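Here is how the chains run, residue by residue.
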Amino acid sequence: MSATPALIVAIDGPSGTGKSSTSRAVAARLGLRYLDTGAQYRAATWWMLRNGIDTADPAAVAAAAGKPEIVSGTDPAHPAITVDGADVSGPIRGPEVTGAVSAVSAVPEIRARITELQRSVARSAVPGIVVEGRDIGTTVLPDADLKIFLTASPEARAARRNGELAGTTGAPTLEATREALARRDAADSGRAASPLAKAADAVEIDTSELTLEQVIAHIITLVEQRRDDARRRGAVAG
Ligand SMILES: Nc1ncnc2c1ncn2[C@@H]1O[C@H](COP(=O)(O)OP(=O)(O)O)[C@@H](O)[C@H]1O
Ligand SMILES: Nc1ccn([C@H]2C[C@H](O)[C@@H](COP(=O)(O)OP(=O)(O)O)O2)c(=O)n1
């Protein structure tokens, strides 16, 4: 009897389209592991800033790329991330890291190291994993069983991001958030090394007018369809 192969779901898209919330919920409901690859690039960026590396200097970032020891937890209920043993799940969400992460993640030596880490986490995930990011379907896990590309209007994305900051002091205006997202999109889509892109075989979902629950339900239906197709193929082959 052969073991059931691990199920791999890749969820890509720009910031504020709902990748993290959707991926975590899909993984939790299907009993799968979960990996936030953006958190890994943020953790590398946090380490560079902490160690006085000029994040605008690709050669300096490349020279230090092998130094941070990044470890990601894969429990969708408690996503954890440490750098050199320190919990950085809070600090990696700060504005300093957000402002520098696109430059750091464009450096090929950083991408090579983190991509290797991502593949090793995905390989050992039982009974499968939901991996979210920018280049998971195109580069990191091109053989994923299901690839999703989430989009949303710039207005919806900015409103969601600002909604997370409601009530905090110094929260940016909607327009400032929209501009910051557009700048990050341009950097992430325009870089030479593994840019943000939709895989040719990805299912695109525009989440602008959908509730989070509708997006989650849609993806779970797609996963179930892929599983049924795989079972049918197995029955024919067997
Ligand atoms: N379909 C949706 N409708 C409304 N709000 C959403 C939807 N999807 C996500 N959100 C909210 O938008 C914010 C950003 O979502 P998040 O999952 O962090 O996006 P991403 O990982 O793509 O940056 C969160 O506060 C989340 O609860
Ligand atoms: N697979 C990935 C994931 C993220 N990145 C980079 C590009 C993104 O702007 C940053 C941060 O990603 P993250 O998913 O945390 O960003 P948001 O939470 O959606 O704002 O990391 C990447 O280059 N490749």
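Up top is the structure.
Let me begin by describing the structure that accompanies this report. (Residues numbered from 1 in each chain as written. Chains lettered and ligands numbered in written order. Predicted model: local features only at pLDDT ≥ 70, side-chain atom pairs only at ≥ 80, totals over all residues. Heavy atoms only, no water.)

**What to know about the site of ligand 2**
At step 1: Taken together, 19 residues lie near ligand 2, and Ser15, Arg42, Arg111, Arg184 and Asp188 sit nearest.
At step 2: Taking Ser15, its side chain carries an N or O atom lying 2.7 Å from an oxygen atom of ligand 2.
At step 3: Burial of ligand 2 by the protein chains amounts to 97% of its free accessible area of 520 Å².
At step 4: The set of elements that each furnish at least two residues to the shell around ligand 2 consists of helix 2 (37–50), helix 4 (95–105) and helix 8 (174–190).
At step 5: The residue makeup of the shell around ligand 2, split by class, is 3 nonpolar, 6 polar and 10 charged. (Near = heavy atom within 4 Å. Polar contact = N/O pair within 3.5 Å; in protein donor to acceptor, adjacent residues only side chain to side chain. Areas by Shrake-Rupley, 256 points an atom, 1.4 Å probe, with all protein chains shown as cover. Helix = DSSP H or I, 4+ residues; strand = E, 2+ residues; numbered from the N terminus. Nonpolar A, V, L, I, M, F, W, Y, C, P; charged D, E, K, R; others polar.)

**Describing the environment of Ala27**
At step 1: Relative to the assigned elements, Ala27 resides in helix 1 (residues 19–30).
At step 2: Given a relative accessible area of 0%, Ala27 falls into the buried group.
At step 3: Along the sequence, Ala27 and Ile129 sit 102 residues apart, while their C-alpha atoms lie 6.9 Å from each other.
At step 4: When residues no more than four places from it in sequence are discounted, the contact partners of Ala27 are Leu32, Arg33, Tyr34, Pro76 and Val130. (Buried < 20%, exposed > 50% of the residue type's maximum accessible area, 1.4 Å probe, protein only. Contact = heavy atoms within 4.5 Å.)

**A few points about the site of ligand 1**
At step 1: Taken together, 16 residues form the shell around ligand 1, and within it Gly16, Lys19, Ser20, Ser21 and Arg161 come nearest.
At step 2: The separation between an oxygen atom of ligand 1 and a polar side-chain atom of Lys19 is 2.8 Å.
At step 3: Protein chains bury 77% of the 560 Å² of accessible surface belonging to ligand 1 in isolation.
At step 4: Counting only elements with at least two residues in the shell around ligand 1, the list comes to helix 1, helix 7 (154–165) and helix 9 (212–237).
At step 5: Across the shell around ligand 1, the residue classes break down as 4 nonpolar, 8 polar and 4 charged.

**Concerning the pattern of salt bridges**
At step 1: What the rule picks out here adds up to 13 salt bridges.
At step 2: Where Asp36 meets Arg93, a salt bridge forms, and the shortest distance between an N and an O atom there is 3.2 Å. You can see Asp36 sitting in strand 2 (residues 33–36) and its partner Arg93 sitting in the loop between strand 5 (86–87) and helix 4, a full 57 residues away along the chain.
At step 3: With a relative accessible area of 12%, Asp36 lands in the buried category.
At step 4: Relative accessible area serves as the criterion here: at 46%, Arg93 is assigned to the partly exposed category.
At step 5: Between Glu69 and Arg113 there is a salt bridge whose closest N-O contact spans 3.9 Å. Linking Glu69 in the loop between helix 3 (58–64) and strand 3 (70–72) with Arg113 in helix 5 (residues 108–123), this pair joins segments that are 44 residues apart in sequence.
At step 6: Its relative accessible area of 46% is what places Glu69 among the partly exposed residues. (Salt bridge = Lys/Arg side-chain N within 4 Å of Asp/Glu carboxyl O.)

**Observations regarding the sheet that holds strand 4 (residues 81–83)**
At step 1: The strand order across the open sheet formed by 3 strands is 3-4-5, and the pairing between neighbours is antiparallel. The sheet is open, and its two edges are formed by strand 3 and strand 5, each paired on a single side.
At step 2: In the sheet, strand 4 pairs with strand 5 via 2 bridges, with the strands oriented antiparallel. When the sheet's bridge partners are listed, Val83 is paired in strand 5 with Ala86.
At step 3: Here helix 2 sits on the sheet in contact with strand 3 and strand 4, set at roughly 25° to strand 4. (Pairing = 2+ DSSP bridges. Axes fitted to C-alpha atoms, helices over the stretch in contact; angles between N-to-C directions.)

**Topic: helix 5**
At step 1: Look at helix 5: 22 Å from first C-alpha to last across 16 residues, which is about the 22 Å you get at 1.5 Å a residue.
At step 2: Taken together, the buried positions of helix 5 are occupied by Ile110, Arg111, Ile114, Thr115, Gln118, Val121 and Ala122. The buried residues of helix 5 all sit within an arc of 125° when viewed along its axis, so they share a single face. Along helix 5, the residues that are exposed and aim more than 90 degrees away from the buried face are Glu116 and Arg123. (Expected span 1.5 Å × (residues − 1). Arc of directions from axis to C-beta.)

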